[in-house]
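What follows is the residue order along each chain.
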Amino acid sequence: MHSGYPVTLRLVGKKVVIVGGGKVAERKVKGLLDTGAEVVVISPEATDEIQGLHREGGIVWRQRLVDPSDMADALMIFATTNNPQLNQSIKKMAEAHQLVTIADDPGGSNFHVPAHFKRGQLSIAVSTGGASPTLASKIREQLEDQFDDSYESYLEFLSSKRKWILKEVEDASLKRNLLKTIVSSDFLTSANREDDFIRLYEALLKEARQS
Ligand SMILES: C[C@@]1(CC(=O)O)C2=NC(=C\c3[nH]c(c(CCC(=O)O)c3CC(=O)O)Cc3[nH]c(c(CC(=O)O)c3CCC(=O)O)/C=C3\N/C(=C\2)[C@@H](CCC(=O)O)[C@]3(C)CC(=O)O)/[C@H]1CCC(=O)O
Ligand SMILES: NC(=O)c1ccc[n+]([C@@H]2O[C@H](COP(=O)([O-])OP(=O)(O)OC[C@H]3O[C@@H](n4cnc5c(N)ncnc54)[C@H](O)[C@@H]3O)[C@@H](O)[C@H]2O)c1
């Protein structure tokens, strides 16, 4: 069996079609809200939450049965109806290059959504490729405890310091050393990262000048 290839997709302005308006559709819709994707739900019925998002203008809900023309221009398609045959025919409505997940057929899907969470710019995703979504969810919970909210500001710090180091530090070995040393638990837990960074920079600069 071939293995999956993990990626993160930038979906700004991309059309994502979700066929079905039940619990699974709702979970997918919520996961797509912050991505900037143009989310279109097609289903005669939809959960209260999907209807609310439609009213607020965050997504589009077409209250009717699915039609093959709905697939046009979609980058991703989620077949989440409670009708297995219909879910299979949605895959047939799609073109070969479109990304299609069939909610009740992991093997027939060409992508799977991993269990995931974010801490600012840090994104952590866990996939079992459909073997056990419940295990993926359980591991996600464990990782959420381990990678707590402090990672959000830590990532902001790492990102800004990395930019500064790449721009300002010319010495290649000092640059490498700094990039490596800022990724340490000391900086994660530090009460004053900026001051600690200046101290680290001065110490490593001194070391580099002496060697
Ligand atoms: C990760 C997560 C993301 C998301 O949905 O966004 C996700 N499922 C989640 C939860 C979950 N799913 C199910 C339960 C009920 C308990 C159980 O049955 O175990 C729970 C638990 C719950 O609801 O809490 C049932 C289930 N899921 C699939 C089938 C079909 C089948 O196996 O045939 C069935 C049986 C349906 C039935 O027979 O009724 C299929 C898929 N589910 C996937 C993703 C993809 C593979 C991911 C992977 O394995 O890595 C894949 C292939 C397709 C897809 O991409 O949708 C999300 C966790 C969010 C989180 O907590 O972080
Ligand atoms: N992928 C997953 O994570 C996961 C998790 C649980 C269940 N499932 C599977 O996903 C499927 C959906 O589960 P659910 O709990 O969301 O079901 P649900 O019954 O809550 O929702 C099904 C939706 O499909 C819509 N629908 C039916 N016929 C349609 C048509 N012709 N065109 C458009 N929409 C139509 C219904 O109006 C309804 O909104 C089931 O097959 C279930 O086995 C998948």
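This one's a predicted model, so the numbers in the text were calculated from it and none came from an experiment.

Q: I'd love a proper account of the packing of helix α5 (residues 150–168) against helix α6 (residues 172–181), names of residues and values included.
A: With their axes 10 Å apart at the nearest point, α5 and α6 run at an angle of 175 degrees to one another. Here α6 runs roughly antiparallel to α5, going by the angle between their axes. Counted together, R162, I165 and L166 of α5 and K175, L178 and L179 of α6 form the full contact between these two elements. For the contact of α5 with α6, the per-class residue count stands at four nonpolar, no polar and two charged.

Q: Tell me about the site of ligand 2, residues and numbers included.
A: In the vicinity of ligand 2 lie 19 residues, with G21, V24, R27, S43 and L86 positioned nearest. Separating an oxygen atom of ligand 2 from a backbone N or O atom of E45 is a distance of 3.3 Å. For ligand 2, whose accessible area on its own is 870 Å², the fraction buried by protein is 70%. Here the shell around ligand 2 gets three residues from one element, more than from any other, and that element is helix α1 (residues 23–32).

Q: Can you tell me about the pattern of salt bridges, naming the residues and giving the values?
A: Per the stated rule, a full pass over the model turns up eight salt bridges. In this structure, R140 and E144 form a salt bridge, with 3.0 Å as the shortest nitrogen-oxygen distance. Separated by four residues within a single helix, R140 and E144 lie in helix α4 (residues 133–146), roughly one turn from each other. One salt bridge in this structure joins K167 and E168, with 3.5 Å as the shortest N-O distance. Among the residues examined, K167 registers a relative accessible area of 69% and is labelled exposed.

Q: Could you give me a rundown of the nonpolar core, with the residues and numbers involved?
A: One broad rule of soluble globular proteins: the nonpolar side chains tend to lie buried together. Membership of the largest hydrophobic core comes to 17 residues, with the highest contact counts inside it found for I18, V29, V39 and V41. Taken together, the elements giving at least two residues each to this core come down to β1 (15–19), α1, β2 (38–42), α2 (48–56) and β4 (74–79). Examining the composition of this core, we find that three residues originate from one element, α1, more than from any other. Dropping the residues within four chain positions of it, V41 is found in contact with I18, G20, G21, V29, I50, I59, V60, W61 and R62. Counting 16 residues, the second largest nonpolar core, distinct from the first, contains Y154, V169, L200 and L205.

Q: Explain the site of ligand 1 residue by residue, including any values.
A: Taken together, 19 residues surround ligand 1, and among them K28, T128, T134, S137 and R140 come closest. The contact in question runs from an oxygen atom of ligand 1 to an N or O atom on the side chain of S127, over 3.4 Å. Take G130: an N or O atom from its main chain is 2.9 Å from an oxygen atom of ligand 1. For ligand 1, whose accessible area on its own is 1100 Å², the fraction buried by protein is 64%. Going through the elements one at a time, α1 and α4 are the ones with two or more residues in the shell around ligand 1. The dominant element in the shell around ligand 1, judged by the number of residues it contributes, is α4, at four residues. Residue composition of the shell around ligand 1, grouped by class: six nonpolar, nine polar and four charged.

Quick notes on the rules
Residues numbered from 1 in each chain as written. Chains lettered and ligands numbered in written order. Predicted model: local features only at pLDDT ≥ 70, side-chain atom pairs only at ≥ 80, totals over all residues. Heavy atoms only, no water. Axes fitted to C-alpha atoms, helices over the stretch in contact; angles between N-to-C directions. Helix = DSSP H or I, 4+ residues; strand = E, 2+ residues; numbered from the N terminus. Parallel < 35°, antiparallel > 145°, perpendicular 65-115°, else oblique. Contact = heavy atoms within 4.5 Å. Nonpolar A, V, L, I, M, F, W, Y, C, P; charged D, E, K, R; others polar. Near = heavy atom within 4 Å. Polar contact = N/O pair within 3.5 Å; in protein donor to acceptor, adjacent residues only side chain to side chain. Areas by Shrake-Rupley, 256 points an atom, 1.4 Å probe, with all protein chains shown as cover. Salt bridge = Lys/Arg side-chain N within 4 Å of Asp/Glu carboxyl O. Buried < 20%, exposed > 50% of the residue type's maximum accessible area, 1.4 Å probe, protein only. Core = buried A, V, L, I, M, F, W, Y, C linked by side-chain atoms within 4.5 Å.

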